[in-house]
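# An overview of the molecular structure
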Amino acid sequence: MNSVFNALPVRDLARTGTLPTAKPLSHITSEDSAVHLLTDFADRKLSMLNSDMSVSEARLWMKLGDTPFKVVENQAGDCLGILAIEDVNGEKAMSMAHRQGVTLKDLRVRDIFRPVSELPAIHYRDLRAATVGDLVSTFREVHEEYLLVLDDNRHEPGHAYLRGLVCARELVQRLDMTIDLDHRATKFYEIVNVVQGGF
């Protein structure tokens, strides 16, 4: 097969003193494309935790990685769900340890992560066609902090894979909403309810 390949246009940066190393985190509006809020695992290295890992070790990895969530996988490398930083730092871990009659250091990721079966999922094609305002409406409806984003597997027609996810917390930050800090909102739908003047 004789393919023809073309060289890409090359820019001369002789007059450029410096360049930023990352795209700046910009504020968005409700009319912008919802895709701006996707944590796309095709672009960003997927951060994984094994379900057998201890919760204290998971907490350490999350702090070192400076990430609010990690994907939880089994030994075969299948995605089982996600573990959020609030799961390891909050009451959920303490409560589960108490219920199981074990100490926090004996608790495993599998005991407190959020399974795929309990998380809402949307398709990447729908996300691409949606606005940020549509995402706000979706989060209000599902009352969850994360939306899984699925995409079609080109190598296995009829099968989907986890393309990425959308985090409600980032949505609030990027929309630059004003929030009543006296209200101790913990879920995204509560945060939206206390927004002054938002949607």
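Look up a bit, the structure's there.
Residues numbered from 1 in each chain as written. Predicted model: local features only at pLDDT ≥ 70, side-chain atom pairs only at ≥ 80, totals over all residues. Heavy atoms only, no water.

### Some words on the overall build of the chain
Definition in use: In DSSP terms, a helix is any run of H or I states spanning at least four residues, a strand is any run of E spanning at least two, and both are numbered starting from the N terminus. For the exposure calls, accessible area comes from a 1.4 Å probe over protein chains only, and a residue counts as buried if that area is under 20% of its type's maximum, exposed if over 50%, partly exposed in between. Whether two residues touch is decided by their heavy atoms; if any such pair falls within 4.5 Å, the residues are in contact. Surface exposure here means Shrake-Rupley accessible area, sampled with a 1.4 Å probe, where a residue is shielded only by the protein chains that are shown.
If you tally the helices and strands in the chain, you get eight helices and eight strands. Counting across all 199 residues of the chain, residues that qualify as buried make up 34%. When contacts within the chain are restricted to residue pairs at least 6 apart in sequence, those whose partners lie at least 24 apart make up 60%. Accessible surface for the chain amounts to roughly 13200 Å². Of this, 51% is attributable to carbon and sulfur atoms.

### A few points about the sheet that holds strand β8 (residues 160-167)
Here is the rule: Strand pairing is assigned whenever DSSP detects at least two bridges linking the two strands. Every axis corresponds to a line fitted to the C-alpha atoms, with the helix fit spanning only the stretch in contact, and the corresponding angles, defined between N-to-C directions, vary from 0 to 180 degrees.
Strand order in this open sheet of four strands is β1-β8-β7-β6, and the pairing throughout is mixed. Two strands bound the open sheet, and with one partner strand each, they are β1 (38-40) and β6 (121-123). Pairwise comparison of adjacent strand axes, ignoring direction, gives a mean angle of 40° for this sheet. In the sheet, β1 pairs with β8 via three bridges, with the strands oriented antiparallel. Pairing of T39 across the sheet is with L165, part of β8. Its contacts with the sheet place helix α6 (residues 132-142) against β6, β7 (146-152) and β8, and it is angled at close to 115° to β7. Lying on the sheet, helix α7 (residues 168-175) is in contact with β1 and β8; it crosses β8 at an angle near 45°.

### A few points about the nonpolar core
To keep it simple, the criterion reads: Residues grouped as a nonpolar core are buried Ala, Val, Leu, Ile, Met, Phe, Trp, Tyr and Cys residues, joined through side-chain atoms within 4.5 Å.
If you look at the biggest cluster of nonpolar residues, it comprises 17 residues, and the most contacted ones within it are L37, L127, L135, V166 and L171. Put simply, the parts of the chain that give this core at least two residues each are α5 (124-129), α6, β7 and α7. Here this core takes four residues from α6, the largest share from any one element. Counting 15 residues, the second-largest nonpolar core is a separate cluster that includes M53, V55, V88 and V109.

### Some remarks on the sheet that holds strand β5 (residues 114-115)
An order of β2-β3-β4-β5 is seen for the four strands of this open sheet, with the pairing classed as mixed. Both outer strands of the open sheet, β2 (48-50) and β5, are each paired with one neighbouring strand and no more. Across five bridges, strand β3 (residues 69-73) lies against strand β4 (residues 79-84) in antiparallel orientation. Looking at β4, one finds that V72 is bridged to G81.

### Here we look at unusual backbone geometry
The backbone phi angle of H143 is positive, close to 55°, even though this residue is not glycine. On the secondary structure map, H143 appears in the loop between α6 and β7. Residue H143 is classed as partly exposed on the basis of its relative accessible area of 37%.

Fair warning: the whole summary comes from geometry, so function is off the table for now.
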